[in-house]
Amino acid sequence: MSTAVTPVDRLLYTPEEAAEALSFGRSTVYELMAAGELKFIKRGRSRRIRRSDLEEFVNALEPQSH
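Please read these numbers as outputs of a predicted model, since none were measured by experiment.

Trainee: Before we move on, could you go through the overall build of the protein and cite the residues and values that matter?
Mentor: Scanning the protein for helices and strands turns up three helices and three strands. Each helix (α) and strand (β) of the protein, taken in turn from the N terminus, gives the series β-α-α-β-β-α. Taking as baseline every contact in the protein between residues at least 6 positions apart, the subset at least 24 positions apart corresponds to 44%. Roughly 5600 Å² of accessible area belongs to the protein as shown, and the carbon and sulfur atoms make up 50% of that amount.

Trainee: So, the pairing of strand β3 (residues 46–50): which residues are in play, and what are the values?
Mentor: In this structure, strand β1 (residues 12–13) lies alongside β3, joined through two bridges in antiparallel fashion. Among the inter-strand pairings, Y13 is bridged to a residue of β3, identified as I49. As judged from the three bridges shared by strand β2 (residues 41–43) and β3, these two strands associate in the antiparallel manner. Its bridge partner being in β3, I41 is matched across the sheet by R48.

Trainee: I'd like a description of the pattern of salt bridges, backed by residues and values.
Mentor: In the structure shown here, the tally under the stated rule is four salt bridges. With a closest N to O distance of 2.9 Å, R51 and D9 form a salt bridge. Highlighted residues: R51 in helix α3 (residues 51–60) and D9 in the segment before β1, separated in sequence by 42 residues. Across the salt bridge formed by K39 and E56, the nearest N and O atoms sit 3.3 Å from each other. Taken as a pair, K39 in the loop between α2 (26–34) and β2 and E56 in helix α3 lie far apart in primary sequence, 17 residues in all.

What counts, and at which threshold
- Residues numbered from 1 in each chain as written.
- Predicted model: local features only at pLDDT ≥ 70, side-chain atom pairs only at ≥ 80, totals over all residues.
- Heavy atoms only, no water.
- Helix = DSSP H or I, 4+ residues; strand = E, 2+ residues; numbered from the N terminus.
- Contact = heavy atoms within 4.5 Å.
- Areas by Shrake-Rupley, 256 points an atom, 1.4 Å probe, with all protein chains shown as cover.
- Pairing = 2+ DSSP bridges.
- Salt bridge = Lys/Arg side-chain N within 4 Å of Asp/Glu carboxyl O.

And the structure:
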């Protein structure tokens, strides 16, 4: 009998993980953080982005019409 492992629903993302979740490049995420457009938490030298802040960022994006 095998035991299935359920992935943990993350609360915090590294900038690299956030970039993957957003389908953006890593440098774009760092630029958004530096510009204050994407909130983050800094602990020592580490930066983490809350899942709720990622969702808030995405919900605030305006769709483009051509």
